[in-house]
Amino acid sequence: MSELKIKNLRKAYSRQIVPVKDLDLQVKNGEFLTLVGPSGCGKSTILRLIAGLEQPSSGKVEIGDRDVTALSPGDRNIAMVFQSYALYPHMSVYDNMASGLKLRKLAAGEVQTRIQEASRVLGLDELLDRKPAKLSGGQRQRVALGRALVRDPDVFLLDEPLSNLDALLREQVRADLKQIFQKQKSPVVYVTHDQTEAMTLSSKVAVLNKGLLQQLDTPEVIYTKPANRFVASFIGSPQMNLMTLPCSGNHGLLGNFKIPLPKATRSPQAIGLGIRPEHVRLAQPEENETTVHGQVFLVENLGMSYLLSIRLDGEETTLRALLPSDAHWNNEDLTLALPGDRLHWFDAKTEDRIGNT
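Here is what the cut-offs are and how they apply
- Residues numbered from 1 in each chain as written.
- Predicted model: local features only at pLDDT ≥ 70, side-chain atom pairs only at ≥ 80, totals over all residues.
- Heavy atoms only, no water.
- Helix = DSSP H or I, 4+ residues; strand = E, 2+ residues; numbered from the N terminus.
- Buried < 20%, exposed > 50% of the residue type's maximum accessible area, 1.4 Å probe, protein only.
- Areas by Shrake-Rupley, 256 points an atom, 1.4 Å probe, with all protein chains shown as cover.
- Lys, Arg positive; Asp, Glu negative; His and termini not counted.
- Charge placed at Lys NZ, Arg CZ, Asp CG, Glu CD.
- Polar contact = N/O pair within 3.5 Å; in protein donor to acceptor, adjacent residues only side chain to side chain.
- Phe/Tyr/Trp six-rings, centres within 6.5 Å; stacked < 30°, edge-to-face > 60°.
- Lys NZ or Arg CZ within 6 Å of the ring centre and 35° of its normal.
- Axes fitted to C-alpha atoms, helices over the stretch in contact; angles between N-to-C directions.
- Parallel < 35°, antiparallel > 145°, perpendicular 65-115°, else oblique.
- Left-handed = near helix turned anticlockwise from the far one by under 90°.
- Contact = heavy atoms within 4.5 Å.
- Nonpolar A, V, L, I, M, F, W, Y, C, P; charged D, E, K, R; others polar.
- Pairing = 2+ DSSP bridges.
- Salt bridge = Lys/Arg side-chain N within 4 Å of Asp/Glu carboxyl O.

Section: the overall build of the protein chain
Logical step 1: What the protein chain contains, in helices and strands, is eight helices and 20 strands.
Logical step 2: Taking the principal axes of its C-alpha atoms as reference, the protein chain extends roughly 75 × 45 × 30 Å.
Logical step 3: Counting the 357 residues in the protein chain, one finds 46% classified as buried.
Logical step 4: For the protein chain, the accessible area works out to roughly 17700 Å², and carbon and sulfur atoms hold 46% of it.
Logical step 5: Distance from the positive charge centre (43 side chains) to the negative charge centre (41 side chains) of the protein chain: 7 Å.

Following this line, the structure appears as structure tokens:
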């Protein structure tokens, strides 16, 4: 199996349009890397550069020990799955899966063996004689995956393969993807705008913004220790509460409330503070944590939880709290606890994370 290495990769269409800026990445055997970020951050362009569908302005793409930067897509031994499925409408499922193998002139017995193995894994045995028009969206996506799997590629590339599926089907196929690629040894690079897919599928996540890599780490680290304010704002649903506080001595001032600053800081004039809604909780009597008080002005029932929007005393900032469905509050006035070990601190100027908090 082959590792994928991206070295100092850059793509510029003009001086003003540079979707990929000096990117360095390595995807090892068995790793599942997801590229995630807002529209226009460069994630699909990176996938196309790896596939050879576009040429970089500078930098290298290596698969194993080969520099494939100048090679055509057909010479890179990669398999790509698109969001549009890209199936041949006049061919059966079997022939769609076999098409790439026949172009490589594999023996008929080898083609059949590979298709049977992929069909068994994907649950396509009863669909092999059908044409795409007779398949559901989820079944078509499974066929597209099967066509990639039978190729036994050095690298798998997936470009938002679940975006055309409805919510329930997307959840089912996502679970299938997780199981399928846990059994594969080749590197996988997956592009999505859906952070749920990124967090649940990946062994590593690369968060991108404006062509630049913001953070590369495991889903757990990116969630618990976002590298900067952008990552903190992009990863997590509901979105993290983020605010900039003026400082006085060793405290940040949140309206009428004082928040102790992390020990690593040295009396800044301002500081960025973040806390996820799921980590805000109702204060208990004789609470040891920092508490704030405010008025509830919006309650959203999410089924298993309530998302409350609270306007804090002496502060225009809204704080959102995600409380379990069995939580009880007596009126619109709430006292909330902000656990110190759940607070995220960011430099007010650079927006980088402060310390290991």
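Describing the side chain of Arg 114
Logical step 1: Counting through the fold element by element, Arg 114 comes out in helix 3 (residues 108-122).
Logical step 2: The exposure class assigned to Arg 114 is buried, which follows from its relative accessible area of 18%.
Logical step 3: A distance of 2.8 Å separates the side chain of Arg 114 from the side chain of Glu 110, its partner in a polar contact.

Some details on the packing of aromatic side chains
Logical step 1: In the structure shown here, the tally under the stated rule is four aromatic pairs.
Logical step 2: For the pair Phe 230 and Phe 234, a centre-to-centre distance of 5.8 Å together with 15° between the ring planes defines the contact as stacked. Taken together, the positions of Phe 230 and Phe 234, both in helix 8 (residues 229-234) and four residues apart, correspond to about one turn of that helix.
Logical step 3: An aromatic cluster is defined as three or more aromatic residues linked by ring pairs; in this entry it consists of Phe 32, Phe 156, Phe 181 and Tyr 190.
Logical step 4: Above the ring of Phe 297, the side-chain terminus of Arg 311 is found at 4.3 Å from the ring centroid.

Section: the packing of helix 2 (residues 93-103) against helix 3
Logical step 1: With their axes 10 Å apart at the nearest point, helix 2 and helix 3 run at an angle of 130° to one another. Taken together, the axis directions place helix 2 and helix 3 in an arrangement best described as oblique. Crossing hand, helix 2 versus helix 3: right-handed. The segment helix 2 lies against helix 3, with Tyr 94, Met 97, Ala 98 and Leu 101 engaging Val 111, Gln 112, Arg 114, Ile 115, Ala 118 and Ser 119.
Logical step 2: Grouping the amino acids of the contact of helix 2 with helix 3 by side-chain chemistry returns seven nonpolar, two polar and one charged.

A few points about helix 1 (residues 43-51)
Because an α-helix completes one turn every 3.6 residues, residues spaced three or four positions apart along the sequence face the same direction.
Logical step 1: Counting buried residues along helix 1, seven of its nine residues qualify, which places the element largely inside the surrounding structure.
Logical step 2: Taken together, the buried positions of helix 1 are Lys 43, Thr 45, Ile 46, Leu 47, Leu 49, Ile 50 and Ala 51.
Logical step 3: Gly 52 lies just past helix 1 and shows a positive phi near 90°.

Points about the sheet that holds strand 4 (residues 58-63)
Logical step 1: If you walk across this open sheet you meet the four strands as 2-1-4-5, and the pairing is antiparallel. Pairing within the sheet leaves two strands with one partner each, and these edge strands are strand 2 (20-27) and strand 5 (66-67).
Logical step 2: Where strand 4 lies against strand 5, two bridges are found, and the strand directions are antiparallel. Paired with Glu 62 across the two strands is Asp 67, which belongs to strand 5.
Logical step 3: Helix-sheet contacts for helix 1 involve strand 1 (4-11), strand 2 and strand 4, and the interaxial angle to strand 1 is about 120°.

Considering the sheet that holds strand 14 (residues 270-275)
Logical step 1: Across the sheet, five strands lie side by side as 13-12-11-14-20; this open sheet has antiparallel pairing. On the outer flanks of this sheet lie strand 13 (257-260) and strand 20 (344-347), each paired with one strand and no other. The average angle at which neighbouring strand axes cross in this sheet is 40°, direction not considered.
Logical step 2: The sheet contact formed by strand 12 (residues 251-254) and strand 13 spans four bridges and is antiparallel.

Considerations on the pattern of salt bridges
Logical step 1: Across all of its chains, the model carries eight salt bridges by this definition.
Logical step 2: The salt bridge partner of Glu 54 is Arg 48, with a shortest N-O separation of 2.9 Å.
Logical step 3: Residue Glu 54 is classed as buried on the basis of its relative accessible area, which comes to 15%.
Logical step 4: Across the pair Glu 110 and Arg 114 runs a salt bridge, and its minimum N-O distance is 2.8 Å. Of this pair, Glu 110 and Arg 114 both sit in helix 3, separated by four residues, roughly a single helical turn.
Logical step 5: Exposure remark for Glu 110: the relative accessible area of 36% places this residue in the partly exposed category.
Logical step 6: When salt bridges that share partners are traced, they join Lys 11, Arg 48 and Glu 54 into one network.

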